[in-house]
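Each chain, written out:
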Amino acid sequence: MSAGQRFMLPCARRVTTGLGKGLPRLSERSTKRFISLKSLFAPPPPAGETAVGSKQRVVIKQDDLFHQLSKSPIKEMRQKGLLIQEHGCCPTCVHETSASTGQAATREPMFECPDCGYPTHCSAEHWAADKSRHSEQCGYLRESNEDEHDLRSGRTLREFEFPSAQLPEVVVNFKSWDTFLYTRSFTNVESARAMRHVSKVLTYPITIGATLHQYSPFTLGSGLTPEGLKSMTALRTTIKEHELARSEKELEMQQTPLRIFILGARAEAMLPPHLYLQLSYLLPSSSMMVYFVGPESIPTADETRSTIAVSPRLALKYHKGYFHDVIWNFAPFDPFTDVFFLFSPGIGHPKGRAGWQPTIEKLLETKCPIFATGFHQEDMDNDVAALTEDFGSEMDWLLKPQGNPFASLKRDFGIRNLSEWAIANWGIYGFRGKRYEVQRK
């Protein structure tokens, strides 16, 4: 059955609890609605027109998405090309080493590849000389070129009209993006490009949901260790208690919410708050507090701490600072209600390793489960190696390093070097502080 033939399930009514009392609420509507993000990528209306009641202006047609960046009809894409030319380097020049100085002679990439549209080399001659190596990324760069133009094309982005709450008798399948989107009734995701758009923004909340859910793809025999099973059983016991308590209002109000800490938060803290409703819909009986902690985890430039009640069962809290400095704002910790996520933290990166060590020390002391991701195999391997070397005797592995079925399907490329790429949450692994006291020598 194709994505276009998928059926739509009616939305279930949400139950109100006291989680969001006294906090700013984004929306009061609770039944049979869709969450739309399409306005994020639509171009502004022409001068003199208002968005209300006017037709959306189509800048680029679907059969004309590919453009060389310097000739793009979209200003942001032309500016991106200029940034690459200013800060990038020609890979052919990099490999040409001066015999006298021993240093690579580099020039700006002023020549745009005719196949991908990006400024990749300093000249046509260097592009031709490097074509075999560039071809490894050229197809992905062209895909990125067309995707970025599509997001700004002015078309109605129906794939960002997300479903609301799900009927309790409908089971979500976490095997892959395709089965998840189908069983969650994302009926507007009808192409590979739409899938890339959606996975780019949903990879963070769905990775969390897939890890915590009782039907998680991470099971014994599929990477989860016996210690991991113990930690996940504790969390799922709390989730089950939330489900059983829904039938009694007084008991429901006494339940302790789940606390999900996202440390070193960057892009995940800047997503529209409504996106995290998709996490809440996966665990509909549980109240959740999501904490974004890190120097860049701030919703607006003029706030150092804020709380947003997205729904009666979901609140987002932003704390600007390092976890090891603000830990007492969150203590005490409970392995039955608290879990940590580190999205592509760079624990093993030479410039970040020392900075992460005091945070990892405090994390291990909580005895709560910790899950981290990497943006490709090498990145994940470096982080795992650094953890093993620095804290191997003080930690247990909960989830063996492996590919994440809910990684972003879109590749991101570096401005300074287009041969370097990253996929958000490509791989995932989990660990926790040992349950017994470690004696330091």
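Every chain is numbered independently, its residues counted from 1 as its sequence is written. Where totals are concerned, whole chains, interfaces and linings use all residues; where local detail is concerned, this predicted model gives features only for residues with pLDDT of at least 70, and gives and counts side-chain atom pairs only at 80 or more. Just so you know, side-chain values use all the structure's heavy atoms and leave hydrogens and water out.

A.B. asks: Can you break down the packing of helix α4 (residues 131-151) against helix α6 (residues 192-212) residue by residue, with the values?
C.D. replies: Here an axis means a line fitted to C-alpha atoms, over the contact stretch when the element is a helix, while the angle between two N-to-C directions is reported on a 0 to 180 degree scale. Runs of H or I in DSSP of at least four residues are treated as helices and runs of E of at least two as strands, each being numbered from the N terminus. Two numbers describe how α4 lies on α6: the axes approach to 11 Å, and their chain directions differ by 75°. The orientation of α4 relative to α6 falls into the category roughly perpendicular. For the pair formed by α4 and α6, the contact residues are Glu143, Glu146, Asp147, Asp150 and Leu151 on the first element and Arg193, Arg196 and His197 on the second. Polarity classes work like this: nonpolar for Ala, Val, Leu, Ile, Met, Phe, Trp, Tyr, Cys and Pro, charged for Asp, Glu, Lys and Arg, and polar for all others, with Gly in that last group. Residue composition of the contact of α4 with α6, grouped by class: one nonpolar, one polar and six charged. To sort the angles, those under 35 degrees are grouped as roughly parallel, those over 145 as roughly antiparallel, those from 65 to 115 as roughly perpendicular, and the leftovers as oblique. By definition, residues are in contact when any of their heavy atoms lie within 4.5 Å.

A.B. asks: Any details on the side chain of Lys317? Residues and values, ideally.
C.D. replies: For Lys317, the location among the structural elements is in strand β8 (residues 314-319). Each residue is placed in one exposure class: buried if its accessible area under a 1.4 Å probe, protein chains only, is under 20% of its type's maximum, exposed if it is over 50%, and partly exposed if it falls in between. Overall, the relative accessible area of 19% leaves Lys317 in the buried class. The residues touching Lys317, leaving out its near neighbours within four places in the chain, are Met289, Val290, Tyr291, Phe292, Ser306 and Thr307.

A.B. asks: I'd like a rundown of the confidence of the model for the chain, residues and numbers included.
C.D. replies: Overall, the predicted model of the chain reaches an average pLDDT of 84, with 81% of residues at or above 70. The pLDDT score gives, residue by residue, the confidence of the prediction method on a 0 to 100 scale. Confidence drops under pLDDT 50 across residues 1-36; counting only partners more than four residues distant or on other chains, this segment forms 91 contacts. Considering only residues more than four positions removed or in separate chains, one finds that residues 45-54, a stretch of pLDDT under 50, has four contacts.

A.B. asks: Any chance you could break down the side chain of Arg259 for me, citing the residues and the numbers?
C.D. replies: With respect to the helices and strands, the residue Arg259 is situated in strand β5 (residues 258-263). Contacts described as polar in this section are N or O atom pairs within 3.5 Å, which, within protein, must combine one atom able to donate a hydrogen with one able to accept it, while residues neighboring in sequence count only if both atoms come from side chains. Within polar-contact distance, the side chain of Arg259 engages the backbone oxygen of Pro332 at 3.0 Å. At 2.9 Å, the side chain of Arg259 forms a polar contact with the side chain of Asp338. Apart from the residues lying within four places of it in its own chain, the contact partners of Arg259 are Met289, Tyr291, Phe330, Pro332, Phe333, Thr337, Asp338 and Val339.

A.B. asks: Got a sec to walk through the pairing of β8? Specific residues and values, please.
C.D. replies: Within β8, six of the six residues are buried, leaving the element largely enclosed by the surrounding structure. A two-sided burial pattern is seen for β8, the buried positions comprising Leu314, Leu316 and Tyr318 on one face and Ala315, Lys317 and His319 on the other. The pairing of strand β6 (residues 288-293) with β8 spans six bridges and is classified as parallel. Paired with Met289 across the bridge in β8 is Ala315. A pair of strands is treated as paired once DSSP finds two or more bridges between them.

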